[in-house]
Every structure is written in structure tokens, then in C-alpha cells.
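Analysis of the macromolecular model
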Amino acid sequence: MLPRKSIVDLTVRSNQSLGERFVLLKCTDTSAHLPLMLPGQFAQLRVDNSKTTFLRRPISINYVDIDKNEVWFLIQKVGAGSQALASLQSGDILNALMPLGNGFAMPTNTTDRYLLTGGGVGTAPLLYMGRCIRDMGGRSTFLLGARTASMLLELDMFRVLGDVYVTTEDGSMGESGFVTQHSILREQRFDMISVCGPSPMMKAVARYARKTNTPCQVSLENMMACGLGACLCCVEKTVRGNVCVCTEGPVFDINELNW
Amino acid sequence: MELRNPVMTASGTFGYGTEFQDVVELGRIGGIIMKGTTYEPRQGNDYPRMAETTGGMLNCVGLQNKGVRYFAEHIYPLIRKIDSRMIVNVSGSSPQDYARCAAVVDTLEDIPAIELNISCPNVHDGGMAFGVTTDGAASVVKAVRQAYHKTLIVKLSPNVTDIVSIAKAVEAEGADSVSLINTLMGTVIDIEKRKRTLSIGTGGLSGPCVKPIALRMVYQVAHAVDIPVIGLGGICNATDAIEFIMAGASAIEIGTANFLDPAVSMKVVDGINEWLDAHNVASVRDIIGVAE
Ligand SMILES: Cc1cc2nc3c(=O)[nH]c(=O)nc-3n(C[C@H](O)[C@H](O)[C@H](O)COP(=O)(O)OP(=O)(O)OC[C@H]3O[C@@H](n4cnc5c(N)ncnc54)[C@H](O)[C@@H]3O)c2cc1C
Ligand SMILES: Cc1cc2nc3c(=O)[nH]c(=O)nc-3n(C[C@H](O)[C@H](O)[C@H](O)COP(=O)(O)O)c2cc1C
Ligand code: FES
């Protein structure tokens, strides 16, 4: 059973810039406990302060701090909608429909070697997932990629939760190149891989997973209107035909996809 | 068919209702018009199926659904006890195709009505082709009227030069009500890719940007036919809804606004009641078509 969805007026507690292109919003519900959320789920955030956008924007649950009753969103400024969200300040209201989607399949065995890999802002859902795996008594390996060192986000948080390996395309930190070129993939084997990032990256990881016979789940970022499985705008072609990414995903086993 | 209140949700924007049950008390909505349903299953169009525009969106979903027999077997048992009017939106590619789909729905006891979508702009094999000529619209309604015995609502396309003549044609063939408008055909171009963004090039425009056109058409049709008119197109709040009612609509549907606020339908129900109370109006019936 997935957690119950709700429409919540969140209050922004802080807006922290992570370099030029990213913002970390920490939000709370001042009147109630936040709903239960699973790693890999997302929220549809209403964009109030933009003239040109119309629909909500899907943003992953980056982290949940239960003690502080906080949910975090990591936002990359791409167009008008994400820029408007990134400009929210402490005290502003952010209307969220959440939690949505299926979330990542979690390890059944805490000794499983879990690889969580992502690129750019796609690392967002992996942080909360790493936290949940740790809470279960497991430990994750994170393999995080970015164009350059300043675009590797929340590294300190990741380091608390597991072993962190990084790649940068310009070699400014960690090994140079893409995540799929990292030596750890040659040296170690994993029981499960979870990946979120740009689609060429996810496809490359999926090829690695197939080659090494490792189960692999990917989190897709199709454009969405309702986020509830009603409008059928967000579909992905799968072996079962067109399915909604917002309800049957965003996380899919690679064997379900026509990749 | 009587409704508890004049607020319904529009086809293709509210799923089968169940998708919204965590955030909407479905029993408070007058009616729920479910997803477009065809006789044979359809995969719909390729992704991308939506684009945003100022004050609205375009979609080219293309009637993806698992077919009416799947609906009857697997979905109907789950939705039949929802305490609202559960209405099936029926589409097809020929009058016979519409009629055999409607005939299946006719056997479902807890479905009090169908809404006939003769106006979908997003499928190439029919749909809107029927809705844009008086003869085409009449031929579909005639075939369905023989196969379907409960309330028959016919949903009209705004992509025509004279919507009134089409409304009159379907009224003459026995439609119990007309609903309008469906989406307006439009397009969006990605200037970097120098390409139209939607997978089939065009899509149906909906949302608040279409409201003035919809309202004008509802006004014209309501003044020309004797059957009840259901108004929709861009309704986002109670004021919008009351405008449609004053233009002559007996009931309204809310579509795209459900994406902005999934709970909007309940708010419109409350908002209409508050307006009636504040203006000492006993019933919605007293303001239907009062606009000069
Ligand atoms: C389940 C899910 C989780 C996501 N999680 C995050 C997250 O945690 N942090 C984050 O920053 N972003 C996330 N995204 C992507 C985010 O939703 C888009 O970047 C955002 O909607 C773009 O809106 P905009 O108004 O800024 O850009 P627009 O002006 O709408 O578009 C700008 C550019 O972004 C592209 N774009 C538009 N929508 C999307 C989309 N849904 N996915 C990818 N590219 C898109 C467009 O093609 C265009 O080139 C997620 C998307 C999904 C579906
Ligand atoms: C994503 C989407 C899917 C739709 N699917 C259908 C459909 O299957 N059948 C139908 O008759 N109308 C469909 N419509 C049209 C709506 O029911 C409605 O007529 C139109 O959107 C105008 O109302 P609105 O501006 O309130 O959305 C769809 C609209 C949208 C946005
Ligand atoms: S966004 Fe509407 S069905 Fe997925």
C-alpha cells in the first residue's frame, strides 16, 4: 500500500543556494505532521509566482527529517517554473500535492550491496533512499556524477549515509568521465542498482546492469500534468504498453522498459 | 437524470474518480465523467502528449484506454458504488463503433448516462470528423440513440463555424443534453528544435484561456435548444461556474483546473452555495440563463 496523498500548504524554512544552478528548499508543515513518504516518491509543487507557467512541477522528495518535521526539495533552475520555485524565501507558502508515485524498491536483506547512482539533480531522491536504507541497518554505496565539482550536491550528507564515489566530466573531483566509467564498477559487484539522472546516463547504467546481470531500477522524469494517473500525459512505452510514469513509476525495473 | 449539485468533473481530467479519492470527497461532486472509452482498446499517441501555454495547456493523449469490455469487467465493479453520478465518455471511429460501445455501457446498471465525445481533436480516424458537420453529428447520435436507452449527453466540438446548427442537429436526433466545449485545436513550437512540440503536431487547448470562447458558445447554444446544456471550458472557481450557469448552462464540468488544484471541484460546489446564500437565491435553477 502506498501512503495516502494529500494537498499541503508547506512553509519554507530555508532556501540555500548550492552554486549558481541549484537551490535546496527545506519546508515544514506548521500545523500537522508531514505525510508518510517513501524514497523515490515525488511532490507536485504549485508554482504561484510565475506568469508564464501553468501547471504544477514534479520534484523528488530529496530528504525527510522526521525530527524537524521537514521535507527537502533540491531544485535545478532550468526554466520559469523551477526558477520561480528556487526564488521562494523563508516564510513563503509552497502548496504541494504529495507523496506521489511508487518509489524505489527497497532491499529485502540488509546485507545486500546497494548501489545508488545518479547524475546532476538526479541524485536528489538517492539521499532519502540512503537514509532509509541506513535506518533499516543497511549501508549504501553512492556513485555520483556531475559536469564539474561545484555541481556535486549534498556530498556531506551522502558521506554520513554510505561510501561515496564521484566522477566529474572535467576531472575537477573524483575520477574523470561519466559514472559508468568509474573503476568501482569494474572492481565490485552489487545486488541492486538504483539510478536517477539524465536519460543517456540512465541508459548507460542500464547497459552495465544488463551486462553484469544486476537488477536495476531507474527513475524517469517525464513531463506531467496531474501527477495522479488521471490525464495520461506522462506515459512511457513499456513491455506492457503505454503506462503512466506518475503512478506506475517514476521508478521502473529496466526489464519493463523498451530500452 | 438529476444531479446532487451542478458541478461535475470533465472527461480525461479526473480519471475514473478513484485517482482523486485521497484528496476529494467524491460524494460531494454532482457527477464524474470518466475517461474517454472506445469499443476496442487504444494505445493513444506517442509522448510528448502535452505542452504548456499561457493560461492553459494542450494535449494529444489520443483516447488511450483499455476498451469498454475491460471497463465493464474490471473498472465498473470498483467505481459503481461511488456516491456520485458516474458517467462514461464514449468515443468511436464510426457510428456503428460508437453504438456498440454505448450498447455495452447500456447494460451497466449504475451508469445513469453517457457523454458522447463526437469532438475529440486528437485522433485521426474519426472522432472530431463527426462533430464538425451537422450530418456527421446527426448520424452518430442516431446510431447511438438506438443502442442506448438512458440519458444521452452529446459533447460538442468548438472547432466549427456554427456550433448552434450542430447542437440543433443532435437535439433533433434525440440527445437528452449537450455539453460544450471540448478542446480547441492548437499547436506549440519549440524554437530551439524548430519543431512542433507535441508528438502528433497538434493538440487540444484547454484551461482558463479558452473560457471566453466557451462561455460565448454556451450562451448561443443555450438560447437555441430546448434540452439542458452543460457548460465547460476553463472553469477554475465558483465565479467562472456561475458565469456559465447565467449563460444558460444547467450544470458545469471542471477539467484542466483539477490539475492545478485537485480539490477544486469541492471548492466550486461550496463557492456556488455561498454565492446563492449571499444573494438570497434559493436554487441554482433561479439563475440559469439569466444573463442578458
Ligand atoms: C518524478 C520527477 C521528479 C523530478 N525531480 C526533480 C528534482 O528533484 N529536482 C529538479 O530540479 N527537477 C526534478 N524534476 C524535473 C523538473 O520537474 C523539471 O525540471 C521542471 O518541471 C522544469 O520546469 P521549468 O518550468 O523550470 O522548465 P520548463 O520551462 O517547463 O522547461 C525547461 C526545460 O526543461 C525541460 N523539462 C520540462 N519539464 C521537464 C521534466 N519533467 N523533466 C525533465 N525536463 C523537463 C523542458 O523540455 C525544457 O527544455 C523531476 C521530474 C519528475 C517527472
Ligand atoms: C488531458 C486531457 C484529456 C482529455 N480527454 C478527454 C476525453 O477523453 N474525452 C473528452 O470528451 N474530453 C476530453 N478532454 C477535454 C475536457 O473534458 C474538456 O472538454 C476540455 O479540457 C475543456 O475544459 P477545461 O478547460 O475545463 O479543461 C480532455 C482534456 C484534457 C486536458
Ligand atoms: S501526469 Fe497525469 S497521468 Fe501522469
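Computed from a prediction, not measured in an experiment: that's the story for all the values here. (Residues numbered from 1 in each chain as written. Chains lettered and ligands numbered in written order. Predicted model: local features only at pLDDT ≥ 70, side-chain atom pairs only at ≥ 80, totals over all residues. Heavy atoms only, no water.)

1. Examining the domain arrangement of chain A
Residue and element names in this part refer to chain A.
- For chain A, the domain assignment lists domain 1 (6-100), domain 2 (104-219) and domain 3 (220-259).
- Taking only C-alpha atoms into account, the centre of domain 1 sits 23 Å from that of domain 2.
- Regarding the contact of domain 1 and domain 2, the summed buried area is about 1,500 Å², with carbon and sulfur atoms giving 68% of it.
- Counting across the interface, domain 1 meets domain 2 through six residue pairs in polar contact (both at pLDDT 80 or more).
- Put simply, the parts of the chain that give the side of domain 1 that touches domain 2 at least two residues each are β2 (22-28), β5 (63-65) and β6 (70-76).
- Residue contributions to the side of domain 1 that touches domain 2 peak at three residues, all from β6.
- For the side of domain 1 that touches domain 2, the per-class residue count stands at eleven nonpolar, four polar and one charged. (Domains from an automatic or database assignment. Buried area = accessible area lost by both parts, 1.4 Å probe. Polar contact = N/O pair within 3.5 Å; in protein donor to acceptor, adjacent residues only side chain to side chain. Helix = DSSP H or I, 4+ residues; strand = E, 2+ residues; numbered from the N terminus. Nonpolar A, V, L, I, M, F, W, Y, C, P; charged D, E, K, R; others polar.)

2. A word on the packing of aromatic side chains
- Following the criterion strictly, the structure yields four aromatic pairs over all chains and no others.
- Between B:Phe14 and B:Phe20, the ring centres sit 4.1 Å apart and the planes meet at 25°, which makes this aromatic pair stacked.
- Judged by its relative accessible area of 0%, B:Phe14 is buried.
- Above the ring of A:Trp259, the side-chain terminus of A:Lys203 is found at 5.3 Å from the ring centroid.
- B:Arg69 extends its terminal NZ or CZ atom over the ring of B:Tyr39, reaching a point 4.2 Å from the ring centre. (Phe/Tyr/Trp six-rings, centres within 6.5 Å; stacked < 30°, edge-to-face > 60°. Buried < 20%, exposed > 50% of the residue type's maximum accessible area, 1.4 Å probe, protein only. Lys NZ or Arg CZ within 6 Å of the ring centre and 35° of its normal.)

3. Considerations on the pairing of strand β13 (residues 229-232) of chain B
All names here are of chain B.
- Residues Val229 and Gly231 line one face of β13 and the alternating positions Ile230 and Leu232 line the opposite face, and both faces are buried.
- Sheet analysis places strand β8 (residues 177-180) next to β13, joined by three bridges and oriented parallel. By the bridge assignment for β13, Ser179 is matched with Ile230.
- When β13 meets strand β14 (residues 249-254), the two strands line up parallel, connected through four bridges. Residue pairing in the sheet places Val229 in a bridge with Ala249 of β14.
- Running through helix α7 (residues 238-247), the crossover from β13 to the neighbouring parallel element β14 is right-handed. (Pairing = 2+ DSSP bridges. Right-handed = clockwise from strand over helix to strand, strands pointing away.)

4. A closer look at the site of ligand 1
Residue and element names in this part refer to chain A.
- Looking at ligand 1, there are 21 residues lining it, with Pro58, Leu74, Gln76, Gly81 and Ser82 nearest.
- At 2.8 Å, a side-chain N or O of Arg57 approaches an oxygen atom of ligand 1.
- Glu221 places a main-chain nitrogen or oxygen 3.0 Å from a nitrogen atom of ligand 1.
- Taken by itself ligand 1 offers 850 Å² of open surface, and the protein chains cover 74% of this.
- At a threshold of 2 Å from the grid points, most atoms of ligand 1 map onto the largest pocket.
- Among the elements of the structure, β4 (57-60), β6 and α1 (80-86) are those that each provide at least two residues to the shell around ligand 1.
- The greatest single-element share of the shell around ligand 1, amounting to four residues, is contributed by β4. (Near = heavy atom within 4 Å. Areas by Shrake-Rupley, 256 points an atom, 1.4 Å probe, with all protein chains shown as cover. 1 Å grid on protein atoms, 1.4 Å probe; cavity = no way out; pocket = protein on both sides within 12 Å on 5 of 7 lines; lining within 4 Å. Sits in = over half its atoms within 2 Å of the grid points.)

5. Some points on the layout of surface pockets
- Approximately 1,600 Å³ is the volume attributed to the largest pocket.
- Around the largest pocket sit 49 residues that line it, and A:Arg57, A:Val78, A:Glu221, A:Asn222 and A:Met223 are the ones nearest its centre.
- If you list the elements that add at least two residues to the lining of the largest pocket, you get β4, β6, α1 and α5 (199-211) of chain A together with β3 (50-53), β10 (189-190) and β11 (195-196) of chain B.
- Counted by class, the lining of the largest pocket contains 23 nonpolar, 16 polar and ten charged residues. (Points joined across faces, edges and corners; volume = space filled by probe spheres on them.)

6. Side note on the site of ligand 2
- As a matter of local geometry, ligand 2 sits amid 21 residues, with B:Ser11, B:Lys155, B:Gly207, B:Gly234 and B:Thr256 nearest to it.
- Ligand 2 sits at a junction of chains, with neighbouring residues supplied by chains A and B.
- For ligand 2, the accessible surface in isolation is 600 Å², of which the surrounding protein chains cover 96%.
- A majority-of-atoms criterion places ligand 2 in the largest cavity.
- Across the shell around ligand 2, the residue classes break down as five nonpolar, 15 polar and one charged.

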